[in-house]
Amino acid sequence: RKILQKRRQIEMHKLDRFEPLAYSTYSGPDRVTHSARPMTLPEAPLENQPAATFILTGGSVYARDQKVEPGTLEILQRHDSLFSDEFLEHSTLSSDLAGRRDDFAQWLVHPENPLTARVMVNRIWQWHFGEGLASNPNNFGASGGKPVHPELLDWLAAEFVEHGWSIKAMHRLIMTSDAYQRSSQASDPDQVAKLDPDNTYWSYFHPQRLAAEEIRDAMLAISGELNDAVGGIPIRPLIPLEVALQPRHTMGSAAPAYQPSPTPAERNRRSIYIERKRSIENPFLQTFNQNNSDISCEERESSTVVTQAFGLLNGGNTRYRAVALADRLLRHEDLEDAMHLAHQEVLQRPLEESERSQAKAYIREMMDYHTRNQPVHESLPTYVEHEMHEEMTGTAFHYTEYLDVHENLEADLQYADVDVETRALADYIAVLFNTNEFIYVY
């Protein structure tokens, strides 16, 4: 009964996602509400004077201390000799409910504000070069890393403001620069090692690995399966069953098993729309250093571990994408032409003569293997038996969970659904997905 109640609560919560509710901002009467409760608009208009806000002590919402007034960063106001009267005037926010957000927005984007434009262009630079001009994009304070090229940061910030805060214009400016277009191979490695060992002056382009989401999205785009629709509710891709069906506790009860979205059109949307829960993450994306959703991530890590090769060669995400691309190509081309096109699709360059004999030999080897070994069609279970311990008492209990989505799931194309040639070509495509040339930008 406890598990059934929790499942009902979760399903009802899903319906709330379609309602115009606000969970992050609240300007209503002065009252304490549970953080998980949806906040709706008040029935009566609010008075022009908002509720008072206090510094809370002792970790309690009832332990009020000093009253807080609307304002901006005091440290900028202390250096009033550096700024015009107009900017300092914008630093004073309205105490009324109406207008103070607009006042803050005007202060935030004021041309004299020394922070906003610099922070933004530093992040854009970091996106293209792998590291910002200031190495701590979340911390522009005294404890953060000082810019390696402060004059360049100032100039980019000024250009950003002058061109109407256009992010697209800043992308264009950076990507057409000599620094961005340099080769990833230093023209004089010995001289660079002596004068610029850490590449502080960007004497060459530092190769960057694609982010976890970019790798998944690139595979879907290449295979022709990517659904680039904008907006909508979160989606759930397929993940390994040993992760999806593991028992999980949630808020004093058992969480339902992870079940994927029912159709490929839903599952194959961009990774930005993947539902994220702290108790169950996508193993493929985690392997490639997807950020922790609990805290702000100022810079993605880029580790190289053996599980990444295993995931790219043998993981379901890679195999489904590879067989989809192989099937699409062989519908219109013979095997050798499809091999050339697959190389072109994945690596964006023609297959070189020195690579062709190796590719043909590998595909022949895989055809021999698949002729001897017939794959089994993978099917998802329709129920799972759980053994768990009650959170409050520790008592062991068993229950059966029926997996309703699995019963009507529209499966992806599998190895068992295609012929030997298609399987062999899919194996070759999986190898291409595993190359540095695919997952790195040089």
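Preceding block: the structure.
Residues numbered from 1 in each chain as written. Predicted model: local features only at pLDDT ≥ 70, side-chain atom pairs only at ≥ 80, totals over all residues. Heavy atoms only, no water.

A. Geometry of helix α16 (residues 353–372). If you check α16, its first and last C-alpha atoms are 30 Å apart, about what 20 residues at 1.5 Å a residue would give, namely 28 Å. Along α16, the residues that are buried comprise A359, I363, M366 and H370. Projection of α16 onto a plane perpendicular to its axis shows the buried side chains occupying an angular sector of 65°, all on one side. Those residues of α16 that are exposed and aimed more than 90 degrees away from the buried face are S354, S357, Q358, T371 and R372. The secondary structure elements touched by the buried residues of α16 are α15 (335–347) and α18 (420–433). (Helix = DSSP H or I, 4+ residues; strand = E, 2+ residues; numbered from the N terminus. Expected span 1.5 Å × (residues − 1). Buried < 20%, exposed > 50% of the residue type's maximum accessible area, 1.4 Å probe, protein only. Arc of directions from axis to C-beta. Contact = heavy atoms within 4.5 Å.)

B. Fine view of the pattern of salt bridges. As enumerated under the stated definition, the model contains 23 salt bridges in all. The salt bridge partner of R7 is D404, with a shortest N-O separation of 3.7 Å. In this pair, R7 sits in helix α1 (residues 2–16) while D404 sits in helix α17 (residues 404–407), placing the two residues 397 residues apart along the sequence. Residue D404 is classed as partly exposed on the basis of its relative accessible area of 41%. The partner of E69 in a salt bridge is K67, with the nearest N and O atoms 3.9 Å apart. Classification of K67 as partly exposed rests on a relative accessible area of 46%. Through salt bridges with shared partners, one network takes in R7, E11, E401 and D404. (Salt bridge = Lys/Arg side-chain N within 4 Å of Asp/Glu carboxyl O.)

C. The nonpolar core, seen in detail. Counting residues in each nonpolar core, the largest one holds 39 residues, and the members touching the most others are I215, V346, L425, Y428, I429, F433 and F438. Going through the elements one at a time, α9 (212–223), α12 (283–287), α14 (316–330), α15, α16, α18 and α19 (436–439) are the ones with two or more residues in this core. In this structure F438 touches L210, I215, A218, M219, I222, V346, L347, L432 and F433, once residues within four positions along its chain are discounted. (Core = buried A, V, L, I, M, F, W, Y, C linked by side-chain atoms within 4.5 Å.)

D. The arrangement of the environment of Y383 in detail. Within the fold, Y383 resides in strand β6 (residues 383–389). Placed 24 residues apart in sequence, Y383 and E407 show a C-alpha to C-alpha distance of 9.2 Å. The residues contacting Y383, other than those within four sequence positions of it, are T400, E401, Y402 and L403.

E. Examining the side chain of K6 more closely. For K6, the location among the structural elements is in helix α1. Under the relative-accessibility criterion, K6 is labelled buried at 10%. Non-local contacts of K6, meaning those with residues more than four positions away in its chain, are made with T250, M251, S253 and A254.

F. Region of interest: empty space enclosed by the protein. Inspection of every chain in the model, using the stated rule, returns 1 cavity of 30 Å³ or more. Here the largest cavity defines a volume of roughly 110 Å³. Per-class residue counts for the lining of the largest cavity are 5 nonpolar, 2 polar and 5 charged. (1 Å grid on protein atoms, 1.4 Å probe; cavity = no way out; pocket = protein on both sides within 12 Å on 5 of 7 lines; lining within 4 Å. Points joined across faces, edges and corners; volume = space filled by probe spheres on them. Nonpolar A, V, L, I, M, F, W, Y, C, P; charged D, E, K, R; others polar.)

G. Up close: a nonpolar patch on the surface. A grouping of L56, V61 and Y62 is seen on the molecular surface, where their side chains present a nonpolar patch of about 330 Å² in accessible area. Mapped onto the fold, Y62 is located in the loop between β1 (53–56) and β2 (64–68). Overall, Y62 belongs to the exposed group, its relative accessible area being 65%. (Patch = residues over 30% accessible without salt bridge, like charges linked within 9 Å, V, L, I, M, F, W, Y side chains within 5 Å. Areas by Shrake-Rupley, 256 points an atom, 1.4 Å probe, with all protein chains shown as cover.)

H. Molecular detail of helix α5 (residues 116–129). A rise of 1.5 Å per residue sets the reference length of α5, with its 14 residues, at 20 Å; its end C-alpha atoms lie 20 Å apart and thus fit the reference within 8%. All of the buried residues in α5 are A117, V121, N122, I124, W125, Q126, H128 and F129. Trailing α5 by a residue or two, G130 shows a phi angle of about 90°, which is positive.

Without other data, these values stay purely geometric and don't point to any function.
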